[in-house]
Amino acid sequence: MLRATLLSLVLAIGATLAGLSVLHSLRAENTVKVPDIRLGADAFTVAGASGRPVDGNLAVELGKGSTGVVIAPLSVRAAEQYHYLVLNFAEIPAAVSVSLGWSAESGRSAPASVDLPVRARQSMWLQTSEIANWAGPIDNFGIIVRGQQGDTFVLEDVQFLNYSIWRQVRNIVNDWSNYDPWRRASMNSYTGVSKLSPFYPVVLVVCVLVLSLLLYGVWVLLFARGRGIDWRVPGLLFLVCWFTLDLVWQHKLLRQVVETHQQFAYKTTDEKLKAGPDAALYAFISAARAAIDQPDARVFVASTDNYTGLRSSYYLYPQNVYWVLRGPELPFLKYLQPGDYIVVAKPSDLKISRRAGLLFSAQRRLPVDIVHDSPVGTLVRLQ
Amino acid sequence: MTALLIILALLLPALMGSAWTHALLPRRVIARPFMVLGTGTLLGLLVLPQIMRLWDALGWGLAILPTLLTCLGLTLLALAPGLRRGVSAAHPYPTPTAPMGHAERLLLALLLAMIALRLVTLATEVSLRPLFPWDATMHWATKARVWFEHQAMVPFVDHNSWLERSGSGVYTDRHPHYPATIPLLQVWMTLVLGQWNESAMNMPWLLCFMALGAIFYGQARLAGASTTLAVAFTYLLLSLPLLNTHVALAGYADMFLGAAFGCAVMCLHNWARLREPWLAVLALAFALLCPLIKNEGLIWALTLIPALAVALMQRREAAKFFVLLVLLGLLAVLVAPKDLAIVGHTIRDFRPSFNQEALLGIVYSIFQHSSWHLLGYLILMLVPLGLVMPGALTRKLLILTTVVACAAAAYFFLFVFTGFGAGAENFAAVGRLAIHLAPAGMFLAMLIYQELLARQRAGGILQEP
């Protein structure tokens, strides 16, 4: 039973990789194979940050602008001929965001860029067929890193690689071991991919599973016709495939837990919220709540951004809050009363004239007292 | 001190529920500890909020003491020496078969290790993270926050009513009439802690997850699965990524509803086989609790009725009953006022119109995304095999198949034929509602696979053992 399982699985994996190779060959039928390109750290110049060579690499420290750009000249006639783009860093903070930009000399092709949708890591493999506008000549290539002042990344090299089965496997492994922290949509679905992923993991694993089941069927026909199907074998094959996907998921969970621990461990609720993704908004709302001197006051939340409005209203509870998802920022005038508070959380179509003490929109002007002001929003009270 | 209070707050409903399941279950039940603790914990978590509601309705508000004393009283009552224990089995329960080989032990150890690792990971995440998800801060924890502050269930009304009443004595959020069970669980945790704590109040989600695993294992063993098979499928259930996400980012009601409905389905299946009253009691209890968790719970609970009909009637009579039910349902929809609200939506909202994009959304969600690993493919492969095996789905597993089929039909109808298809097109709701059905679907998959193995041992899948 174990032998049949193992053999079916190994052959199925081999067949899947061979199939991917054939698929690539069919797609790249007319593509000429060109030599791989490696841009070492010394090929790059630095803009918007301070850079220095370190052990053959390029160390870049972000300045006040919080953005560092490294650019290198490149001589590529047809970018699509390179199947993989690999960024190698000796060191890069996880919290920075990385974008790529490329252009050709005047007129030959338009400049283009892509924001990498996953956390930065030391080795990033990208399948270029998933990068929009990655085609045609490229004369300049750049990496844009955005973070906080003082963040430092150390670039080793950038590689433009041709296709091979081994590189395909490395690309898949690299993609599957990517990590992206929780998003708002995480509660609704887990796609398992980013925008630049080469394959949906489930689809790839199902290919292996189906092939392994077929191969086991062949095994039964050839060697075990008398005994028939041992249903434990398909069960094991299925379990192994499930395990594979689950190990990837477990890895992501562990990375997330590490980040969560760094962000929230040993903090009170108030400290957690001040350290979390809504830190600035929470600080503003906390101050606004403290400034509301009546516990039973009505508080209207006005914002044109649904998330901001939602979180503002939540943090305001247990005040008597009014906020409508995808509705007008304020209700009809007849429902507003003197003494009502309005939290204007940016972005908002409501404007405040501090000198005139007015809150106004396209339709109305309301006399208000400014109770609390911050870069994130303003708390006013209707006169 | 906080950790101790959290444990005490979780222990009380778990103890109360477990005391009653201990009283209810016969002494000789396979995997009894898992059944008692798992079912009891889930029961306790869902009944505790109802006790809080009762005291609030009686004018005592949401104080700790009445709830605490009631729970303790109920626990002691269940443990009273004079209370009749569960009826002894009239026939022997399924017993383990062959001893385990070395490879099987290794597999079992691996599965248990993966389950343990998952539990530890999720426990760490949920205990550290403050409230995060969208709906939790829009209409679940909003009530919890206000009720905790006022120590009473202050009424929530819709936005227009709030404006008309100038907010006097009422609050508002996006879904003011959603069931109170989940917010009250959060209130309970914060009442015991004495402060609003956005991480601690989510610990019931971890407990529910653990209870679900214990229930599934216990019910699987009761259904005749070997230890390894039961553990394997428990692992498959507990490793579902979207289910894990709902534990890690706690605050939604979907996992609780999935656990309650799943438990009702499993109990109903095993009751139909064994005809033990305690299983019927549990199935009924969890079916009645479903609508108290989320509005859709009523729909899922109603899907148990056709299965009950199949269990109690001859197949021909049951088929006639089905047809009658469907005709009555259609008549009700045609005759009832279009503004009549059912499970929070008007009849007008359910007007059928085929939505191809929604169907594609369901397909992508189940078969392309990683939300369910390979669960969709597991069911896709096993159901046809179940049909090939004579009597498997049509006799032995008929009740379970009926429930799952009715629930799946309701699920598809909701997204593919009504205005709620947008929830499938943008994946906003299709995954979350699938959580409600996942435990029941996994149980069916396990039983079909078990049947395959049993028939293989008996000489072939085309032979009924």
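Owing to the predicted nature of the structure, the values given are computational and were not obtained by experimental measurement.

Quick notes on the overall build of chain A
Across its full length, chain A holds seven helices and 18 strands. In terms of overall dimensions, chain A is more spread out than a globule: its C-alpha atoms have a radius of gyration of 28 Å, far above the 21 Å expected for 383 residues. By principal-axis analysis of the C-alpha atoms, chain A measures approximately 85 × 60 × 40 Å. In chain A, buried positions account for 34% of the 383 residues. Of all intrachain contacts in chain A linking residues separated by at least 6 positions in sequence, the fraction that spans at least 24 positions is 71%.

Overview of the overall build of chain B
Within chain B one finds 21 helices and four strands. For a compact globule of 465 residues, the expected C-alpha radius of gyration is about 23 Å, and chain B comes in at 22 Å, within 12% of that figure. Taking the principal axes of its C-alpha atoms as reference, chain B extends roughly 75 × 55 × 40 Å. Counting over 465 residues, chain B shows a buried share of 53%.

A short note on the nonpolar core
Of all hydrophobic cores here, the largest spans 218 residues; its most connected members are Ala260 and Ala264 of chain B. Sorting elements by how many residues they give to this core places helix 21 (residues 430-458) of chain B first, with 16 residues.

A few points about the interface of chain A and chain B
Facing 51 residues of chain A, the contacting portion of chain B comprises 58 residues. Elements with a minimum of two residues in the side of chain A that touches chain B: helix 3 (201-223), helix 4 (232-264), helix 5 (269-275), helix 7 (306-316) and strand 13 (320-322) of chain A. Of all the elements, helix 4 of chain A adds the most residues to the side of chain A that touches chain B, at 16 residues. When grouped by side-chain class, the residues that make up the side of chain A that touches chain B number 31 nonpolar, 15 polar and five charged.

Some points on helix 2 (residues 32-57) of chain B
For an α-helix the count is 3.6 residues per turn, leaving residues at separations of three or four pointing the same way. Residues and elements named next belong to chain B. The terminal C-alpha atoms of helix 2, which comprises 26 residues, lie 36 Å apart, in line with the 38 Å expected from a rise of 1.5 Å per residue. Where burial is concerned, most of helix 2 is hidden: 19 out of the 26 residues are buried. Looking at the residues trailing helix 2, positive phi occurs at Gly59, about 95°.

Describing the domain arrangement of chain B
Residue and element names in this part refer to chain B. We note that the domain assignment places domain 1 (2-75 + 106-254) and domain 2 (277-458) within chain B. On a C-alpha basis, the centroid separation for the pair domain 1 and domain 2 is 24 Å. Taken together, the contact between domain 1 and domain 2 spans 31 residues of the former and 26 residues of the latter. Counting only elements with at least two residues in the side of domain 1 that touches domain 2, the list comes to helix 2, helix 7 (181-193), helix 8 (203-222), helix 9 (227-238) and helix 10 (241-248). Grouping the amino acids of the side of domain 1 that touches domain 2 by side-chain chemistry returns 22 nonpolar, eight polar and one charged.

Notes on the sheet that holds strand 5 (residues 67-76) of chain A
All names here are of chain A. With antiparallel pairing, five strands are arranged side by side in an open sheet as 2-5-10-7-8. On the outer flanks of this sheet lie strand 2 (45-47) and strand 8 (112-115), each paired with one strand and no other. Ignoring strand direction, the axes of neighbouring strands in this sheet form an average angle of 20°. Two strands pair when backbone bridges link them, and strand 7 (residues 97-103) and strand 10 (residues 138-146) are joined in this way by seven bridges, in the antiparallel orientation. Residue Ser97 lies in a different strand from strand 10, and its bridge partner there is Arg146.

Conventions we followed
Within every chain, residues take consecutive numbers counted from 1 along the sequence as written. Written order decides the labels, with chains lettered from A and ligands numbered from 1. Residues qualify for local features only when their pLDDT is at least 70, as the model is predicted, and side-chain atom pairs are given and counted only at 80 or more; totals for whole chains, interfaces and linings, by contrast, use all residues. The numbering of helices and of strands both runs from the N terminus, where a helix is a DSSP run of H or I of at least 4 residues and a strand a run of E of at least 2. Radius of gyration: over C-alpha atoms. The globule rule applied is 2.2 Å multiplied by the number of residues raised to the 0.38 power. With C-beta atoms placed from the backbone, a residue is buried if 20 or more other C-beta atoms are within 10 Å of its own, exposed if 12 or fewer are, and partly exposed between those counts. Residues are treated as contacting if the C-beta atoms built from their backbones sit within 7 Å of each other. Nonpolar core, as used here: buried Ala, Val, Leu, Ile, Met, Phe, Trp, Tyr and Cys residues forming one set through C-beta atoms within 7 Å. Think of it as three bins: nonpolar holds Ala, Val, Leu, Ile, Met, Phe, Trp, Tyr, Cys and Pro, charged holds Asp, Glu, Lys and Arg, and polar takes everything else, Gly as well. To estimate the expected span of a helix, count its residues, drop one, and scale the result by 1.5 Å. For the domain bounds, the source is a domain assignment made automatically or taken from a database. Pairs of strands are assigned from DSSP output, requiring at least two bridges between the strands. Axes, fitted as lines to C-alpha atoms, cover a helix only where it is in contact. Angles between the N-to-C directions of the axes lie from 0 to 180 degrees.

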